[in-house]
Amino acid sequence: MPRGSGPSRRYFLASASALPILAYAGETAARAISGALPWHPFAGEPPKPVNPAGWYFFTPEEVVTVEAIVDRLIPPDQLSVGGKEAGCVVFIDRQLAGSFGKSSRLYMKPPFAKGLPTQGYQGESTPAGRYRDGLRALNDYARSNQGKNFAQLKGAEQDAILTGLEKGQIDLKLPHGLNSQAFFELVLQNTMEGFFADPLYGGNKGMAGWKLVGFPGARYDYRDHIEKHNVPYPHGPVSIYGGA
Amino acid sequence: MAQLLPHKDVVIMGLGWTGAILAQELTDAGLNVVAIERGPWRDTASDFNIGYMPDELRFAVRKDLFLQPALEAMTMRNDVSQTALPMRDYSSFLPGSGVGGAGVHWNGFNWRFFPNEFETKTHLTKRYGAKKIAELQLEDWGITYDELEQSYDRFEYVCGTSGKAGNLKGQIVEGGNPFEGPRSREYPLPPLKMPYASTMFAQAAKELGFHPFPLPASNMSKPYVNSLGVAMGECTYCGYCERFGCANYSKAAPQTTILPVLMKKSNFEVRTECEVLKVNLRPDGKTAKSVTYIDAAGREFEQPGDIILLCGYGLMNVRMMLLSGIGHPYDPSTGKGQVGRNYCYQTQGSAARLFYEGKHFNPFVASGALSSGLDDFNSDVFDHGPLDFVGGANVSCGTSNGRPIGNRPTPPGTPRWGGAWKKATAETYQNATAVGAQGSSYPVRGNYLDLDPTYKDRHGRPLLRITFDFPDNDLRMSQYLSTQLAKIGKAMNPKQMVVSHAAKGWNSVPYQTTHNTGGATMGAKPDTSAVNKFLQSWDVSNVFVLGASAFQQNEGRNPTGTVGALAYWAAQAIRERYLKRPGALVPA
């Protein structure tokens, strides 16, 4: 098959010596490659920017709760917008609706034993499941202790609950053997990812996170600055799709 | 039932660094070579595309280029009293996947081991007595540095390595590493341009009487045409190196150095998304006849070959030997058996984190191996007589990962979220650097690899089980190094300094390093090594096992340079010795 004539990048570029038994079409096909570099134009797989409209995973009630959490983790102030305005909830929603939320790349075979801290997370529940259970339990906790959902509490009250979770002092009594402190860690990790990841994933709106620290993003060439020691970098950030 | 395929001269498992080197050398010798690669085909233009490679979330956090645990996981425990459980996500270390293997995502540190490190047991016994190393299971490698020098040189010149020689044919050269073994010639490229933090470190170290030098980097300081005629570009200090493929053709990888030549040969073929299940032995168990593999559609094939090369990541080579019955499994209760013996890691954790005010370290202006370092406390450069350990660490300071999901330092005591966190993060991003120590990892009887009794992969085969904790010797080394780091850190005049060292209880969760060594070690004696000095199995003479699995211990340095050198060494032995007279190259 001549270079570039195939219908998709998964075609076979097989030499005369390649085995016909391997040459079949399919999305996850094995390939036999010999006699040439199997490169053809436009073969890259660029990431698809998320559409910011609507929710793919969260329910309306969950959205309100997570918006309240990310605005306490990254509060709006004179330094930057807060987590909600930066799109952290959109980011987390899309992550949970995708491969990350489903643990699809992880080893998820049983038996699921209770492990040691050195052995990492051993639960059967995926991040999507952990958010669903955790957010429900968080509101149950807020209602039974303060009579309101988490999002309706004052900032200081919300902080007290988040601090209690972080320090392991509040137990949300999660199902499936889930740990309340680990739930907080998951939300904190994903919020920070959203604030500092490329904006194409739905967070870091206006490159707010990058501007906060002075990270220039996807510039990819600093040859003119490597030897300018202790000199501020003069240019603002760019993202993969050029802007925010 | 596996379908039987036509015979090949050489069958290779895995097309990373060692697979590419062996395939290139053996096709040059006229052999018909096929490589069976579990992961996908990858090339720079399509898969490490400059338009979307600078994506921290996709490549560094979600680990797009790495082996997915769903395909193959490993179990871990600290000692035999614990029950090993699967690492459901790889995080302490990250095995590569696909064409190029770990050669795609490495930083580019391209080191040589010191001459004494191939004969550690003999050397340390002679200098300090046998009692000093009694708690360790050290062995000589059965090879000398002098034998390997030309192979190191070949790998460095294929990779295009930026650095400064410290020892040219025995002559100590100013500006290089004065403690290294003699080199036959200078590095192919001059050192990378050094960033601010590294320059501060080098100056402080020099004033303390130490010997700083630019670390050897297979990131190109200038455009380069390698010894195979493949052109590479100048490093742009983009800051997307470790965990990324290089979009600039500036980091040595099989894609940028060997594959452009190898792939054009008609006597080479790679079959991607095909996973080797087993090496099949002949009835007498002394030679292998074929490998069985499964393709992405689930169909099994049997590929016969005269020579079988295990070129997977070291840990996977060990697993393949255990699954195939090649050699004798190691038993920690008796110390007998060789496959799985002397598994070592790398003793990270010694660090001095430095915080300043009013600086601009520009941590995003970075390259993989962009560092200044020193070996004054590495290996046996310093006298261990009055100390309670052996081994040491390379001490260094550089900028390689300034991306802000992973790199957001704050001074100790800072909250991890909220307004105070944000303020400290904004203030500290430009004001932090660190001096780190990459420490040696020495073998002990209880650290080893075997097959897990419970957990299986997607094909129903047992996972590899890692039983490992940091030996007390290595922890004492790490503690000692942290006091040296504190000295250097203090001389760099930070406003605040935080010093740490490694602790007992290897934790598989925080990333440490992908420098797993041993398990199929090389040596002069078949009772304490799985392969001979030519990386040939003592038990199955047409099987060679490449990679860091051959290391008898790991040193305070990145392993890839020695992995590459051993690959050229083994290829030469196959070409010049084995092909003339197939069979055991060293009598057992």
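1. Some thoughts on the overall build of chain B
Next up, step 1: The secondary structure content of chain B amounts to 13 helices and 24 strands.
Next up, step 2: A compact globule built from 588 residues should have a C-alpha radius of gyration of about 25 Å, and chain B, at 23 Å, falls within 12% of that.
Next up, step 3: Residues counted as buried form 64% of the 588 residues belonging to chain B.
Next up, step 4: Counting contacts in chain B only where the partners sit at least 6 residues apart, residues at least 24 apart contribute 75% of the total.

2. Details of the overall build of chain A
Next up, step 1: From N to C terminus, chain A includes seven helices and one strand.
Next up, step 2: Counting every position in chain A, which comprises 244 residues, the buried fraction comes to 39%.

3. Regarding the sheet that holds strand E17 (residues 371–374) of chain B
Residues and elements named next belong to chain B.
Next up, step 1: The strand order across the open sheet formed by six strands is E8-E17-E18-E19-E16-E22, and the pairing between neighbours is antiparallel. Every other strand in the sheet has two partners, leaving strand E8 (213–214) and strand E22 (496–500) as the edge strands with one partner each.
Next up, step 2: Inspection of the sheet shows E17 paired to strand E18 (residues 393–398) by four bridges, in the antiparallel sense. Within E18, the position partnered with Ser-372 by the bridge is Cys-397.
Next up, step 3: Against the sheet, helix H7 (residues 196–207) makes contact with E17, E18 and strand E19 (432–439), and its axis sits at roughly 20° relative to E17, the strand it touches most.

4. A look at the interface of chain B and chain A
Next up, step 1: Contacts between the two partners involve 77 residues from chain B, matched on the other side by 75 residues from chain A.
Next up, step 2: Contributions of two or more residues to the side of chain B that touches chain A are made by helix H2 (44–47), helix H3 (56–61), strand E5 (85–86), H7, strand E11 (268–272), helix H11 (418–428) and strand E20 (448–456) of chain B.
Next up, step 3: Sorting elements by how many residues they give to the side of chain B that touches chain A places H11 of chain B first, with six residues.
Next up, step 4: Here the residues of the side of chain B that touches chain A sort into 36 nonpolar, 23 polar and 18 charged.
Next up, step 5: Where strand E1 (residues 31–33) of chain A lies against E11 of chain B, three bridges are found, and the strand directions are antiparallel. The residue of E11 of chain B that forms the bridge with Ala-32 of chain A is Arg-271 of chain B.

5. Quick look at the environment of Pro-40 of chain B
Residue and element names in this part refer to chain B.
Next up, step 1: Topologically, Pro-40 is positioned in the loop between strand E3 (33–36) and H2.
Next up, step 2: A sequence separation of 59 residues divides Pro-40 from Val-99, and the C-alpha atoms of the two residues are 6.3 Å apart.
Next up, step 3: Not counting chain neighbours up to four residues away, the residues in contact with Pro-40 comprise Gly-98, Thr-272 and Glu-273.

6. Quick notes on the packing of helix H5 (residues 155–166) of chain A against helix H6 (residues 180–196) of chain A
Residue and element names in this part refer to chain A.
Next up, step 1: Viewed as axis vectors pointing N to C, H5 and H6 meet at an angle of 115°, and their least axial separation amounts to 7 Å. Looking at the two axes, H5 sits roughly perpendicular to H6. Facing H5, whose interface residues are Leu-162, Leu-165 and Glu-166, H6 presents Ser-180, Gln-181 and Phe-184.
Next up, step 2: Among the residues forming the contact of H5 with H6, the class breakdown is three nonpolar, two polar and one charged.

7. A short note on the pairing of strand E2 (residues 8–13) of chain B
Residue and element names in this part refer to chain B.
Next up, step 1: Most of E2 is tucked away: five of the six residues are buried.
Next up, step 2: The sheet contact formed by E2 and strand E14 (residues 300–310) spans five bridges and is parallel. Its bridge partner being in E14, Lys-8 is matched across the sheet by Gly-305.
Next up, step 3: As defined by bridge partners, E2 adjoins E3 across four bridges and the pair is classed as parallel. Paired with Met-13 across the two strands is Ile-36, which belongs to E3.

8. Some remarks on the environment of Ala-486 of chain B
Residues and elements named next belong to chain B.
Next up, step 1: Relative to the helices and strands, Ala-486 is located in helix H12 (residues 472–491).
Next up, step 2: Put simply, Ala-486 and Thr-517 are 31 residues apart on the chain and 29 Å apart in space, counted from C-alpha to C-alpha.
Next up, step 3: Not counting the four nearest positions on each side in its chain, Ala-486 is found in contact with Ala-352 and Val-499.

9. Focus on the sheet that holds E20 of chain B
All names here are of chain B.
Next up, step 1: Pairing in this open sheet of four strands is mixed, and the strands run E5-E4-E21-E20 from one edge to the other. For this open sheet the edge positions go to E5 and E20, each flanked by a neighbour on one side alone.
Next up, step 2: For strand E4 (residues 74–77) and strand E21 (residues 462–467), the ladder comprises four bridges, and the chain directions are parallel. The residue bridging Thr-75 from the neighbouring strand is Arg-465, located in E21.
Next up, step 3: Sitting on the sheet, helix H10 (residues 314–324) is in contact with E4, E20 and E21, with an inclination near 70° to E20.

10. A look at the confidence of the model for chain B
Next up, step 1: Averaged over every residue, the pLDDT of chain B is 97; the share at 70 or more is 100%.
Next up, step 2: Taken together, the chains of this predicted complex give a pTM of 0.95 and an interface ipTM of 0.96.

11. Section: the nonpolar core
In summary, soluble globular proteins display a tendency toward joint burial of nonpolar side chains.
Next up, step 1: Counting 235 residues, the largest nonpolar core has Ile-12, Leu-309, Val-545 and Leu-546 of chain B as the members making the most contacts within it.
Next up, step 2: When residues of this core are assigned to their parent elements, the largest contribution, ten residues, is made by helix H13 (residues 560–578) of chain B.
Next up, step 3: Counting only domains with at least three residues in this core, you end up with domain 1 (1–45) and domain 2 (60–213) of chain A.
Next up, step 4: The contact partners of Ile-12 of chain B, leaving out residues within four places of it in the chain, are Gly-19, Leu-22, Ala-23, Val-33, Ala-35, Ile-36, Leu-309 and Cys-311 of chain B.

12. Points about the environment of Gly-177 of chain A
Residues and elements named next belong to chain A.
Next up, step 1: Checked against the element boundaries, Gly-177 lands in the loop between H5 and H6.
Next up, step 2: The class for Gly-177 is exposed, based on 11 C-beta atoms found within 10 Å.
Next up, step 3: Placed 67 residues apart in sequence, Gly-177 and Pro-110 show a C-alpha to C-alpha distance of 15 Å.

13. Considering unusual backbone geometry
Peptide bonds are, in most cases, trans, and in most cases residues other than glycine have a negative phi.
Next up, step 1: With an omega of 0°, the peptide bond between Pro-110 of chain A and Pro-111 of chain A qualifies as cis.
Next up, step 2: Examined against the element boundaries, Pro-111 of chain A turns out to sit in the loop between helix H3 (99–102) and helix H4 (127–146).
Next up, step 3: Phi is positive for Lys-169 of chain B, close to 50°, though the residue is something other than glycine.
Next up, step 4: Within the fold, Lys-169 of chain B resides in the loop between strand E6 (167–168) and strand E7 (171–172).
Next up, step 5: Non-glycine residue Asn-493 of chain B carries a positive phi angle of around 50°.

14. Quick look at H6 of chain A
An α-helical turn contains 3.6 residues, so any two residues separated by three or four positions project in the same direction.
Next up, step 1: The terminal C-alpha atoms of H6 of chain A lie 25 Å apart, and with 17 residues this matches the ideal 24 Å at 1.5 Å per residue to within 8%.
Next up, step 2: Among the residues making up H6 of chain A, those that are buried are Ser-180, Phe-183, Phe-184, Val-187, Asn-190, Thr-191, Met-192, Glu-193, Gly-194, Phe-195 and Phe-196 of chain A.
Next up, step 3: Considering only its buried residues, H6 of chain A is in contact with helix H1 (60–73), helix H2 (88–97), H4, H5 and helix H7 (208–213) of chain A together with H3 of chain B.

15. Overview of the packing of helix H1 (residues 17–28) of chain B against H13 of chain B
Residues and elements named next belong to chain B.
Next up, step 1: At a closest axis distance of 9 Å, the pairing of H1 and H13 adopts a crossing angle of 30°. One way to sum up the angle between H1 and H13 is to call them roughly parallel. Crossing geometry of H1 relative to H13 is assigned as right-handed. Contacts from Trp-17, Thr-18, Ile-21, Leu-22, Glu-25 and Leu-26 of H1 reach H13 at Thr-560, Val-563, Gly-564, Ala-567, Tyr-568, Ala-571, Ile-574 and Arg-575.
Next up, step 2: Within the contact of H1 with H13, the residues separate by chemical class into nine nonpolar, three polar and two charged.

16. Overview of the confidence of the model for chain A
When pLDDT is low, close inspection of the predicted coordinates is not appropriate.
Next up, step 1: Taken as a whole, chain A shows an average pLDDT of 89; of its residues, 87% reach a score of 70 or greater.
Next up, step 2: Confidence over residues 1–27 of chain A falls short of pLDDT 50; this stretch has 37 contacts with residues more than four positions distant or in other chains.

Parameters at a glance
Residues numbered from 1 in each chain as written. Chains lettered and ligands numbered in written order. Predicted model: local features only at pLDDT ≥ 70, side-chain atom pairs only at ≥ 80, totals over all residues. Helix = DSSP H or I, 4+ residues; strand = E, 2+ residues; numbered from the N terminus. Rg over C-alpha atoms; globule rule 2.2 N^0.38 Å. Buried ≥ 20, exposed ≤ 12 C-beta atoms within 10 Å, placed from the backbone. Contact = placed C-beta atoms within 7 Å. Pairing = 2+ DSSP bridges. Axes fitted to C-alpha atoms, helices over the stretch in contact; angles between N-to-C directions. Nonpolar A, V, L, I, M, F, W, Y, C, P; charged D, E, K, R; others polar. Parallel < 35°, antiparallel > 145°, perpendicular 65-115°, else oblique. pLDDT = per-residue confidence, 0-100. Core = buried A, V, L, I, M, F, W, Y, C linked by C-beta atoms within 7 Å. Domains from an automatic or database assignment. Expected span 1.5 Å × (residues − 1). Left-handed = near helix turned anticlockwise from the far one by under 90°.

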